[in-house]
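Take a look at the letters that make up each chain.
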Amino acid sequence: MAVLLPLWQRLLITVAAMLAVSFVVSLLWSSLLGWTIPGYVSGVVGGVTALPVWEFLKRIRPGH
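Residues numbered from 1 in each chain as written. Predicted model: local features only at pLDDT ≥ 70, side-chain atom pairs only at ≥ 80, totals over all residues. Heavy atoms only, no water.

Peer 1: Mind showing me how you'd approach the overall build of the chain here?
Peer 2: Along the backbone of the chain there are two helices and zero strands. The C-alpha atoms of the chain give 15 Å as radius of gyration, which overshoots the globular expectation for 64 residues (11 Å, by more than 25%). By principal-axis analysis of the C-alpha atoms, the chain measures approximately 50 × 20 × 15 Å. When the 64 residues of the chain are sorted by exposure, 19% land in the buried category. Put simply, 71% of the contacts in the chain that link residues at least 6 apart link residues at least 24 apart. Carbon and sulfur atoms make up 76% of the accessible area of the chain, which amounts to about 4800 Å² in all. (Helix = DSSP H or I, 4+ residues; strand = E, 2+ residues; numbered from the N terminus. Rg over C-alpha atoms; globule rule 2.2 N^0.38 Å. Buried < 20%, exposed > 50% of the residue type's maximum accessible area, 1.4 Å probe, protein only. Contact = heavy atoms within 4.5 Å. Areas by Shrake-Rupley, 256 points an atom, 1.4 Å probe, with all protein chains shown as cover.)

Structure, rendered in structure tokens:
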């Protein structure tokens, strides 16, 4: 059986990716449209980011 990254590492990386992408999208949104991004849009961006990151991290095997 292949060893996966520990759950806490996958959670930490996923949350960091969600926050980073949400922050960048917020900056782009406010610079392009001139007003702040609504909370529900930020939540959707974070959720959509979390899915592929989590799946990618499940495929990464830790080195020994």
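Peer 1: Can you help me understand the environment of Ile13 in this one?
Peer 2: Following the sequence through the fold, Ile13 ends up in helix H1 (residues 7–33). By relative accessible area, Ile13 is classed as partly exposed at 38%. Sequence separation between Ile13 and Gly63 is 50 residues, and the spatial gap between their C-alpha atoms is 17 Å.

Peer 1: What is the right way to read the packing of H1 against helix H2 (residues 39–59) from this model?
Peer 2: Working note: a packed helix pair is described by the angle between its axes plus the distance between those axes. Packing of H1 against H2 brings their axes to within 8 Å, and their N-to-C directions diverge by 140°. By the criterion of interaxial angle, the relationship of H1 to H2 is oblique. Where H1 crosses over H2, the handedness of that crossing is right-handed. Touching Leu7, Arg10, Leu11, Ile13, Thr14, Ala17, Met18, Val21, Ser22, Val25 and Trp29 of H1 are Val41, Ser42, Val45, Gly46, Thr49, Ala50, Val53, Trp54, Leu57 and Lys58, all from H2. Looking at side-chain class alone, the contact of H1 with H2 contains 14 nonpolar, five polar and two charged residues. (Axes fitted to C-alpha atoms, helices over the stretch in contact; angles between N-to-C directions. Parallel < 35°, antiparallel > 145°, perpendicular 65-115°, else oblique. Left-handed = near helix turned anticlockwise from the far one by under 90°. Nonpolar A, V, L, I, M, F, W, Y, C, P; charged D, E, K, R; others polar.)

Peer 1: Sorry, what's going on with the side chain of Arg10 here?
Peer 2: Along the polypeptide, Arg10 turns up in helix H1. As a buried residue without a salt bridge, Arg10 has its nearest oppositely charged side chain in Glu55, at a separation of 8.2 Å. At a separation of 3.2 Å, a polar atom in the side chain of Arg10 contacts the main-chain carbonyl oxygen of Leu5. Not counting the four nearest positions on each side in its chain, Arg10 is found in contact with Leu4, Leu5, Trp54, Leu57 and Lys58. (Lys, Arg positive; Asp, Glu negative; His and termini not counted. Salt bridge = Lys/Arg side-chain N within 4 Å of Asp/Glu carboxyl O. Polar contact = N/O pair within 3.5 Å; in protein donor to acceptor, adjacent residues only side chain to side chain.)

Peer 1: Sorry if this is basic, but what is going on with the packing of aromatic side chains here?
Peer 2: Between two aromatic rings, the relevant description is the distance of the centres plus the angle of the planes. Tallying each qualifying case throughout the model produces one aromatic pair. Ring geometry for Trp29 versus Trp35: centroids 5.5 Å apart, planes at 90°, classification edge-to-face. Note on Trp35: relative accessible area 46%, which makes it partly exposed. (Phe/Tyr/Trp six-rings, centres within 6.5 Å; stacked < 30°, edge-to-face > 60°.)

Peer 1: Would you take a moment to explain a nonpolar patch on the surface for this structure?
Peer 2: A contiguous nonpolar patch, built from Phe23, Val24, Leu27, Leu28, Leu32, Leu33 and Trp35 and spanning about 760 Å² of accessible area, is present on the exposed surface. By secondary structure assignment, the location of Val24 is in helix H1. Accessibility expressed as a relative area gives 45% for Val24, which makes it partly exposed. (Patch = residues over 30% accessible without salt bridge, like charges linked within 9 Å, V, L, I, M, F, W, Y side chains within 5 Å.)

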